[in-house]
Amino acid sequence: MKVFVVIVNWNGWQDTIECLESLLCSRGADFVAIVCDNASTDNSLSELDQWAASKFCNNQYNKLTRAQVVAGVELENGCQLVLIDNAANLGFAGGNNVGVHLAMQQANGEYIWLLNNDTTIEPNALACAVKRMQE
């Protein structure tokens, strides 16, 4: 079972990286983080890309456009992070919808968690959420 964690970023790459760092410390649940950037003007895409390149191997990290997501994309096994360039500020709901759309295209997903980019989580938070949903 896999959880897709959707995070919207708009001009907040520092918060988003802190959020992702806390997510990477998660234990007890398999997940893919999907970061949807809403046309940030603070160089967020580049900063997030540089951070991801330093953390992940090639098959663990994907960069996509919103058009690619809409056209349909199957993520490779082992993918842990997807950075989506929405190319427009779609707002919070619209940004999340792109990530949810990608998650719903995947055959191996069971849950979707919408996580604010200015949030940090405890290492067991995701596992506890999954356990609760299973109950």
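Here, the structure is the one placed above.
Residues numbered from 1 in each chain as written. Predicted model: local features only at pLDDT ≥ 70, side-chain atom pairs only at ≥ 80, totals over all residues. Heavy atoms only, no water.

Enquirer: Would you mind showing me how to read the packing of aromatic side chains here?
Expert: Think of a pair of aromatic rings as described by two things: how far the centres are apart, and how the planes are tilted against each other in angle. Counting across every chain of the model gives one aromatic pair. Geometrically, the ring pair formed by Trp51 and Phe56 is edge-to-face, given 6.0 Å between the ring centres and 75° between the ring planes. We classify Phe56 as buried; its relative accessible area is 10%. (Phe/Tyr/Trp six-rings, centres within 6.5 Å; stacked < 30°, edge-to-face > 60°. Buried < 20%, exposed > 50% of the residue type's maximum accessible area, 1.4 Å probe, protein only.)

Enquirer: Even after reading the chapter, I still don't get the pairing of strand β2 (residues 30–37), so can you show me in this structure?
Expert: For β2, the tally of buried residues reaches seven of eight residues, placing the bulk of the element in the interior. Across eight bridges, strand β1 (residues 2–9) lies against β2 in parallel orientation. Bridged to Ile7 within β2 is Val35. Read from β1 through helix α1 (residues 13–24) to β2, the crossover connection turns out right-handed. Relative to strand β4 (residues 81–85), β2 is paired through five bridges, and the arrangement is parallel. Opposite Val35, over in β4, you have Leu83 as the bridge partner. (Helix = DSSP H or I, 4+ residues; strand = E, 2+ residues; numbered from the N terminus. Pairing = 2+ DSSP bridges. Right-handed = clockwise from strand over helix to strand, strands pointing away.)

Enquirer: What's the story with unusual backbone geometry in this structure? I'm lost.
Expert: One non-glycine residue, Ala39, lies in positive phi territory at about 60°. Along the polypeptide, Ala39 turns up in the loop between β2 and α2 (44–55). The class of Ala39 is partly exposed, set by a relative accessible area of 29%. Of note in the backbone geometry, Asn43 takes a positive phi value of approximately 70° without being a glycine. On the secondary structure map, Asn43 appears in the loop between β2 and α2.

Enquirer: Explain the side chain of Asn9 here, please?
Expert: Among the secondary structure elements, Asn9 is positioned in strand β1. At 3.1 Å, the side chain of Asn9 and the side chain of Ser44 are in polar contact. Those residues in contact with Asn9, other than ones at most four positions away along the chain, are Thr16, Val35, Cys36, Asp37, Asn38, Ser40, Ser44, Leu48 and Asn117. (Polar contact = N/O pair within 3.5 Å; in protein donor to acceptor, adjacent residues only side chain to side chain. Contact = heavy atoms within 4.5 Å.)

Enquirer: Which parts of the structure should I look at to understand the state of the cysteines?
Expert: Such a bond, covalent and formed between the sulfur atoms of two cysteines, is termed a disulfide. A full pass over the atoms with the stated rule returns zero disulfides. Not engaged in a disulfide, the cysteine Cys57 finds its nearest cysteine sulfur in Cys79; these two sulfurs lie 12 Å apart. (Disulfide = S-S within 2.5 Å.)

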